[in-house]
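# A structural walkthrough
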Amino acid sequence: MINRIIRFLDITKFNKHQTLETSNPYTLKYTKWWFRARGNTDNISIGKNTNIAPGVRLDANGGMIQIGGYCWLHPGVLILAYGGTISIGNNCTINPYCVLYGHGGLIIGNDVRIAAHTVIIPSNHNFDDPDIPIYKQGITKKGIRIEDDVWIGANVTILDGVNIGHGAVIAAGSVVNKDVPPLAIVGGVPARILKIRKRETENKPLVIPEHEITSILARIKNDVADFLQQRQTKEQPFGHFQASEHAYEIDELDAATAGIELWLMLELPLNEHQRQEAIQHLKSYQNAETGLVVDQTWQERQIYSNPDKLSNGDTFFTMTVIEALTALEAHLDYPVRYLETLLPDKLIAKTQLMYSALHEYSIGDYAVLVEHNRRLGIQHSSEQQNAIFELLKNAQDPLSGLWPKGNVLPPYTPAINRAFHFLRGTWNLTNVPYELPNRMIDTCLEAARDPEYYGWDKGEACNDLDLALVLYSASRWSTYRKEEVGQWAAEQLPQLLRVQKADGGFSYHHKKAMYKHNNISISPGLAEGDIWGTLMYMGAIKMTVELAYPGISVPWKFSRVHRVPRYKL
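Residues numbered from 1 in each chain as written. Predicted model: local features only at pLDDT ≥ 70, side-chain atom pairs only at ≥ 80, totals over all residues. Heavy atoms only, no water.

### Structural notes on the overall build of the chain
Within the chain, the regular secondary structure consists of 15 helices and 28 strands. Put simply, the chain has 569 residues, and 56% of those count as buried. Within the chain, residue pairs in contact and separated by at least 24 positions form 54% of the contacts whose partners lie at least 6 positions apart. Within the structure as shown, the chain displays about 24200 Å² of accessible surface, and the carbon and sulfur contribution to it stands at 51%. (Helix = DSSP H or I, 4+ residues; strand = E, 2+ residues; numbered from the N terminus. Buried < 20%, exposed > 50% of the residue type's maximum accessible area, 1.4 Å probe, protein only. Contact = heavy atoms within 4.5 Å. Areas by Shrake-Rupley, 256 points an atom, 1.4 Å probe, with all protein chains shown as cover.)

Here is the structure:
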């Protein structure tokens with residue numbers, strides 16, 4: 001228990017001595033307000049310029065509390081983690097005598113207003129057996145998410161498992177026991193939808209008329225085919241592609257794997273002689289002693305992806321070569337050696353190490369490597385594959401549907417980037433039904449409104465593709481928020497098309513507009529596309545079109561690297 005004076009904080013945290021740390025010690029001199037913190041104060045963090053009134057109690061015992069900047073916590077507020085995670089965004093107000101629990105996880109977005117005497121409870125008692133006292137039957141913990149710009153009236157109760165969409169309004173005295181759609185006004189006991197707040201039509205984003213989509217897609221396919229054929233190295237066997245001078249591709253291996261994937265996606269002519277040339281070219285990169293593909297450029301990332309064999313290969317490039325060869329109906333000659341004799345528990349210990357570091361180049365790549373070994377009949381590979389699935393199931397965050405459990409907080413884009421790698425190499429590889437697809441959809445739709453990561457003038461291929469793939473993949477297993485997903489995709493498609501370059505390709509990085517090309521603004525950066533950026537955007541465009549316009553057939557395939565579930569509702 002501590003009492004500390006605090007006001008106008010600058011990224012404040014409690015240290016191990018249960019005192020306050022602040023980057024601006026002069027702020028303490030003028031502070032008049034007091035509050036009480038209990039439990040593990042290492043797990044309480046408060047953003048800058050947040051005001052906490054007398055009588056506020058923060059208790060992180062067994063859990064974590066994170067409060068953003070420019071918030072107001074008024075007298076009598078109780079924020080009690082009870083072993084869970086409570087995350088409150090920026091510019092939020094919590095008025096007197098509100099009680100916020102964290103048992104199953106509570107995420108509150110930015111610009112949220114919570115009126116007095118509101119109670120938010122992300123847990124519920126079990127009471128099925130009348131012969132056992134209720135307190136002995138345990139509790140369920142599904143979690144609660146409140147998105148940005150929500151107004152919650154006085155004396156509201158929000159029960160476990162509820163998601164409240166952005167811009168919603170909860171009338172005073174309501175009991176909310178079901179999800180609330182974005183922009184909905186709800187009220188009553190239990191709460192029901194009273195009205196939907198409407199946006200002004202003139203503020204609607206650009207949406208391409210549906211009758212124009214087919215011709216635009218045909219033009220893009222032709223443009224990309226020309227771009228790719230221009231990058232084919234004529235004087236060398238098929239499978240060699242020229243990386244542009246300032247491209248995302250780091251070396252010829254990057255260009256080769258992405259170029260072959262694109263060639264097959266577009267179904268360009270490929271005779272048997274060319275197929276064998278490409279197969280032998282890709283196989284030449286494998287190290288027979290380690291079974292990994294050798295790359296000499298991404299050494300820093302290899303610390304995460306391959307700590308035991310740093311100089312002898314990279315799991316990411318091994319994965320891309322495996323997938324390109326699979327698309328060519330071939331495979332690497334050698335198994336991945338360090339997985340060959342690794343028992344499942346040791347593999348999990350290894351992947352857990354990288355996973356704990358929140359690095360995406362681990363489980364997602366390992367899963368593809370394990371699948372490769374399984375196809376070669378390597379002992380323990382099936383058990384390894386099952387163990388990876390169990391690890392991801394146990395580590396999935398019940399509130400966001402992403403990874404890792406208890407640590408998926410705004411901004412969500414890094415977690416979506418991880419989920420892309422995990423899903424691509426596990427669920428999407430085997431087509432096993434998703435866990436928590438509805439929560440994934442909630443998180444993706446909320447993340448999509450973040451202008452720091454999305455928008456053609458600020459984004460990059462990884463963010464655009466990863467968001468599209470996670471949302472698309474989850475939507476294959478659920479019709480939840482189907483209309484909103486389709487509307488997002490219709491609004492996102494013009495943003496993706498604007499990334500195309502004058503040479504017909506797409507760039508991995510895109511920052512500024514250049515000029516109009518076929519009535520669509522495109523980005524310049526350096527006025528060239530690159531092969532990996534093109535591969536990623538062709539996948540993202542296909543996913544967004546299929547989400548927005550399910551009746552339209554996109555005239556190219558999905559790549560193996562960016563695979564999606566085969567199953568569709």
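We are not done yet, so read on.
### Quick word on the packing of helix 1 (residues 210–231) against helix 15 (residues 531–548)
When two helices pack together, their arrangement is given by the angle between the helix axes and the distance between those axes. Relative to each other, helix 1 and helix 15 sit at 165 degrees, their axes nearing to 12 Å. With respect to helix 15, the element helix 1 is oriented roughly antiparallel. The way helix 1 lies across helix 15 gives a crossing that is left-handed. Packed against helix 1, whose contacting residues are Ile213, Leu217, Ile220, Val224, Phe227 and Arg231, the element helix 15 presents Ile531, Thr534, Met538, Ile541 and Val545 at the interface. Its residues assigned to classes, the contact of helix 1 with helix 15 shows 9 nonpolar, 1 polar and 1 charged. (Axes fitted to C-alpha atoms, helices over the stretch in contact; angles between N-to-C directions. Parallel < 35°, antiparallel > 145°, perpendicular 65-115°, else oblique. Left-handed = near helix turned anticlockwise from the far one by under 90°. Nonpolar A, V, L, I, M, F, W, Y, C, P; charged D, E, K, R; others polar.)

### Focus on the confidence of the model for the chain
Per-chain confidence: the chain averages 81 in pLDDT, with 79% of residues scoring 70 or above. By mean pLDDT, the top-scoring element of the chain is strand 15 (residues 113–114) (98), and the lowest-scoring one is strand 3 (residues 20–21) (32). Contacts for the low-pLDDT stretch residues 353–361, under 50 throughout, to residues beyond four places or in other chains number 28 contacts. Here residues 512–525 is a poorly scored stretch, pLDDT under 50, and it has 44 contacts once near neighbours within four places are set aside; other chains count. (pLDDT = per-residue confidence, 0-100.)

### Overview of helix 10 (residues 413–425)
With 13 residues, helix 10 should cover 18 Å at 1.5 Å per step; its first-to-last C-alpha distance of 19 Å lies within 8% of that length. Of all the 13 residues making up helix 10, 12 are buried; the element is thus mostly covered by neighbouring parts of the structure. Within the span of helix 10, buried status applies to Thr413, Ala415, Ile416, Asn417, Arg418, Ala419, Phe420, His421, Phe422, Leu423, Arg424 and Gly425. (Expected span 1.5 Å × (residues − 1).)

### Observations concerning the pairing of strand 8 (residues 64–67)
In strand 8, alternate side chains face the same way, and those of Ile65 and Ile67 are buried while those of Met64 and Gln66 on the opposite face are not. Judged from the 3 bridges that link them, strand 5 (residues 44–46) and strand 8 form a sheet pairing that is parallel. In the strand pairing of strand 8, isoleucine 46 is matched with isoleucine 67. Here strand 8 pairs with strand 11 (residues 85–88) via 4 bridges, running parallel. From the neighbouring strand, methionine 64 faces strand 11, where its bridge partner is threonine 85. (Pairing = 2+ DSSP bridges.)

### Points about the environment of arginine 439
Mapped onto the secondary structure, arginine 439 falls in helix 12 (residues 437–447). On the basis of relative accessibility, which here comes to 10%, the residue arginine 439 falls in the buried class. Counting along the chain gives 35 residues from arginine 439 to alanine 474, while the straight-line C-alpha distance between them is 9.0 Å.

### Notes on unusual backbone geometry
A cis amide bond links tryptophan 403 with the next residue in sequence, proline 404, at an omega value of 0 degrees. Mapped onto the fold, proline 404 is located in the loop between helix 9 (381–395) and helix 10. In this model, proline 410 is joined to proline 411 through a cis peptide bond whose omega is -5 degrees. Along the chain, the position of proline 411 falls in the loop between helix 9 and helix 10. The phi dihedral of tyrosine 70 is positive, around 60 degrees, even though this residue is not glycine. Even without being a glycine, glutamate 329 presents a positive backbone phi close to 65 degrees. The exposed category is assigned to glutamate 329, whose relative accessible area is 71%.

### A look at the pattern of salt bridges
Across all of its chains, the model carries 19 salt bridges by this definition. A salt bridge links aspartate 223 to arginine 219; the nearest nitrogen and oxygen atoms lie 3.0 Å apart. Of this pair, aspartate 223 and arginine 219 both sit in helix 1, 4 residues apart, which is roughly one turn of the helix. Each member of the pair, aspartate 223 as well as arginine 219, is classed as buried. Between arginine 439 and aspartate 442 there is a salt bridge, with the nearest N and O atoms lying 3.5 Å from each other. In this pair, arginine 439 and aspartate 442 are both assigned in helix 12, 3 residues apart and thus about one turn of the helix distant. (Salt bridge = Lys/Arg side-chain N within 4 Å of Asp/Glu carboxyl O.)

### Some remarks on the state of the cysteines
If you walk through the whole model with that rule in mind, you get 0 disulfides. Here cysteine 92 is not cross-linked by a disulfide; its sulfur's nearest cysteine counterpart is in cysteine 71, at 4.7 Å. Using a relative accessible area of 2% as the deciding quantity, one classes cysteine 92 as buried. (Disulfide = S-S within 2.5 Å.)

### Overview of the pairing of strand 25 (residues 184–187)
Looking down a regular strand, the side chains alternate between one sheet face and the other. Sheet topology places strand 23 (residues 169–170) next to strand 25; 2 bridges connect them, and they run parallel. Bridge pairing in strand 25 places valine 169 opposite isoleucine 185. Judged from the 4 bridges that link them, strand 25 and strand 26 (residues 192–196) form a sheet pairing that is antiparallel. The partner of valine 186 across the bridge, within strand 26, is isoleucine 193. Connecting the antiparallel pair strand 25 and strand 26 is a turn made up of 4 residues, with glycine 188 showing a positive phi of about 110 degrees.

### Things to note about the sheet that holds strand 26
Here 8 strands make up an open sheet; going across it, the order is 6-9-12-15-20-23-25-26 and the pairing mixed. Two strands close off the open sheet at either side, each with one partner strand: strand 6 (51–52) and strand 26.

### Here's the deal with the packing of helix 2 (residues 252–265) against helix 15
Running from N to C, helix 2 and helix 15 cross one another at 35 degrees; their axes reach a closest spacing of 8 Å. The chirality of how helix 2 crosses helix 15 is left-handed. Residue-level contacts link Asp254, Ala255, Thr257, Ala258, Gly259, Glu261, Leu262 and Met265 of helix 2 to Ile531, Trp532, Thr534, Leu535, Met538 and Gly539 of helix 15. Among the residues making up the contact of helix 2 with helix 15, the classes are represented as 8 nonpolar, 4 polar and 2 charged.

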